[in-house]
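Each chain, letter by letter, is given below.
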Amino acid sequence: MAQEKKPVIEVRGLEKKFILSEENVDSVLKGIDLEVFFGEFVIIFGPSGCGKSTLLNAILGLEHPTKGTIKIRDKNIYSLSQKELTTLRRQKMGMVYQQFNWVKSLSVVENVALPLNIDGHSSKNALSRAQHLLSIFKLEKFANYHPHQLSGGQQQRVATARALALNPWLILADEPTGNLDTNAGTELMNLFKNLNEKSKRTIVLVTHNFEYEKYATKVIFMENGKFVDVINKKKVILTEKESTEDILKQTGGKNAALFYS
């Protein structure tokens, strides 16, 4: 009998309340259940203030829930020590925000290399990996620029390259196209699609733009702190036990090798 596939992210009964005053409690998440399987591209749609970003921050380990559990590969992340949680977030998750959060004194390539430097890699290796990522995104000619010299779309591609610096299997994106025009937004979404399909990244992206529904394998509609609908559009046949070597064999070619080198 085939072994049942298990989710790599499992959220159960998640609640988050913010105490504003003795009489005023803001309930942002209201009993969220979520399963994400390896290789899925999950897009969560909803209006501003519905709790999308709070949910993403909770999965990142940045927003301790009031109630409920979040498991990543069967580990309850809020039972981990702060050091373990920081290591998990740094090495296994790549985060792309709407705001770029640059270190203004650093060049583009130095900003991309920064996660590697923080993780203890040598400066030489960190810069080499950063240059490699910039070449994948066709941004190598901007390596020695400062980020503010680039367009919004170029900056968001650099931010995505930075999120991939430590080769995470999971990418979380919070309204990544929010500050981009239509063309730049489409270009970025196509980039996420390639990351999902060619280099087998699991992606959870939140947005209010329903035009991006076509990119998802799973679509979730969120309103007032709850999921109101979940649509599985495409069955993902990968399992989390597949090794990087297996993925390379499946995807083949230059793109896979670039992302996994």
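Residues numbered from 1 in each chain as written. Predicted model: local features only at pLDDT ≥ 70, side-chain atom pairs only at ≥ 80, totals over all residues. Heavy atoms only, no water.

**Q** Report on the nonpolar core, specifying residues and quantitative values.
**A** Within the largest apolar cluster, 43 residues are counted, with the highest numbers of intra-cluster contacts made by Phe41, Ile43, Leu134, Val158, Met189, Phe192 and Leu205. Among the secondary structure elements, those contributing two or more residues to this core are strand 3 (41-45), helix 3 (108-118), helix 4 (123-136), helix 5 (152-163), strand 7 (170-174), helix 6 (182-197) and strand 8 (202-207). Tallying contributions element by element places helix 6 first for this core, with six residues. Setting aside residues up to four positions removed in sequence, methionine 189 forms contacts with Phe41, Ile43, Thr177, Leu205, Tyr212 and Tyr215. (Core = buried A, V, L, I, M, F, W, Y, C linked by side-chain atoms within 4.5 Å. Buried < 20%, exposed > 50% of the residue type's maximum accessible area, 1.4 Å probe, protein only. Helix = DSSP H or I, 4+ residues; strand = E, 2+ residues; numbered from the N terminus. Contact = heavy atoms within 4.5 Å.)

**Q** An account of the sheet that holds strand 9 (residues 218-223) is requested, with residue identities and associated values reported.
**A** Think of a sheet as strands paired side by side through backbone hydrogen bonds, with each pair either parallel or antiparallel. Overall, mixed pairing links the six strands, which are arranged 6-7-8-3-9-10 in an open sheet. Because the sheet does not close on itself, it has two edges, and the strands there are strand 6 (93-96) and strand 10 (226-232). On average, each strand axis in the sheet is tilted by 15 degrees relative to the strand beside it, whichever way the strands run. Of the strand pairs in this sheet, strand 9 and strand 10 are connected by six bridges, and their pairing is antiparallel. Bridge pairing in strand 10 places valine 219 opposite isoleucine 231. Across the face of the sheet, helix 1 (residues 52-60) comes into contact with strand 3, strand 6, strand 7, strand 8, strand 9 and strand 10 while running at roughly 150 degrees to strand 7. (Pairing = 2+ DSSP bridges. Axes fitted to C-alpha atoms, helices over the stretch in contact; angles between N-to-C directions.)

**Q** Can you explain the layout of surface pockets? Please cite residues and give values.
**A** By volume, the largest pocket is sized at about 570 Å³. The wall of the largest pocket is formed by 26 residues, among which Met93, Met95, Pro115, Arg162 and Ala163 lie closest to the centre. Elements that contribute at least two residues to the lining of the largest pocket include exactly helix 2 (82-92), strand 6, helix 3 and helix 5. Here the lining of the largest pocket is composed, by residue class, of 16 nonpolar, seven polar and three charged. (1 Å grid on protein atoms, 1.4 Å probe; cavity = no way out; pocket = protein on both sides within 12 Å on 5 of 7 lines; lining within 4 Å. Points joined across faces, edges and corners; volume = space filled by probe spheres on them. Nonpolar A, V, L, I, M, F, W, Y, C, P; charged D, E, K, R; others polar.)

**Q** Go over the sheet that holds strand 1 (residues 9-19) with me, naming the residues and quoting the values.
**A** Within the open sheet, the four strands sit side by side as 2-1-4-5. Their pairing is antiparallel. Unpaired on one side and paired on the other, strand 2 (25-36) and strand 5 (75-76) mark the two borders of the sheet. Sheet topology places strand 4 (residues 67-72) next to strand 5; two bridges connect them, and they run antiparallel. Its bridge partner lying in strand 5, isoleucine 72 is registered against lysine 75. Sheet strands touched by helix 1: strand 1, strand 2 and strand 4. Its angle to strand 1, the strand with the most contacts, is close to 120 degrees.

**Q** Now, about helix 5: what can you tell me, with residues and values included?
**A** In this model, helix 5 (12 residues) spans 16 Å end to end at C-alpha, consistent with the 16 Å of a helix rising 1.5 Å per residue. The buried count for helix 5 comes to 10 of 12 residues, which makes it a mostly enclosed element. (Expected span 1.5 Å × (residues − 1).)

**Q** So what's going on with the packing of helix 5 against helix 6? Which residues, and what values?
**A** Relative to each other, helix 5 and helix 6 sit at 20 degrees, their axes nearing to 9 Å. Comparing the axis directions of helix 5 and helix 6 gives the class roughly parallel. Here helix 5 and helix 6 pass one another in a crossing that is right-handed. On helix 6, the residues that touch Gly153, Gln156, Arg157 and Thr160 of helix 5 are Ala184, Glu187, Leu188, Leu191, Phe192 and Leu195. (Parallel < 35°, antiparallel > 145°, perpendicular 65-115°, else oblique. Left-handed = near helix turned anticlockwise from the far one by under 90°.)

**Q** Describe the packing of aromatic side chains, naming the residues involved and giving the relevant values.
**A** Taken as a whole and judged by the stated rule, the model has six aromatic pairs. Each ring, one from tyrosine 212 and one from tyrosine 215, has its centre 6.2 Å from the other, and the planes form 65 degrees; the classification is edge-to-face. Members of the aromatic cluster, joined through ring pairs, are Phe45, Phe210 and Phe221. Cation over ring: lysine 16 sits above phenylalanine 18, and NZ or CZ is 5.1 Å from the ring centre. Just above the ring of tryptophan 169 sits the side chain of arginine 73; from NZ or CZ to the centre is 4.2 Å. (Phe/Tyr/Trp six-rings, centres within 6.5 Å; stacked < 30°, edge-to-face > 60°. Lys NZ or Arg CZ within 6 Å of the ring centre and 35° of its normal.)

**Q** How would you summarise helix 2 if you had to cite specific residues and measurements?
**A** Taken together, the buried positions of helix 2 are Leu85, Leu88 and Arg89. One side of helix 2 holds all its buried residues, which, seen down the axis, span an arc of 95 degrees. Buried residues belonging to helix 2 abut helix 1 and strand 6. (Arc of directions from axis to C-beta.)

**Q** Which residues make up the side chain of threonine 54, and what values do they have?
**A** Mapped onto the secondary structure, threonine 54 falls in helix 1. The contact partners of threonine 54, leaving out residues within four places of it in the chain, are Lys16, Phe18, Val28, Leu29 and Glu63.

**Q** Give me unusual backbone geometry: which residues, what numbers.
**A** Its identity is not glycine, yet aspartate 74 carries a phi of approximately 70 degrees, on the positive side. Within the fold, aspartate 74 resides in the loop between strand 4 and strand 5. The partly exposed category is assigned to aspartate 74, whose relative accessible area is 44%. Unlike most non-glycine residues, asparagine 167 shows phi in positive territory, near 55 degrees. Residue asparagine 167 is classed as partly exposed on the basis of its relative accessible area of 29%.

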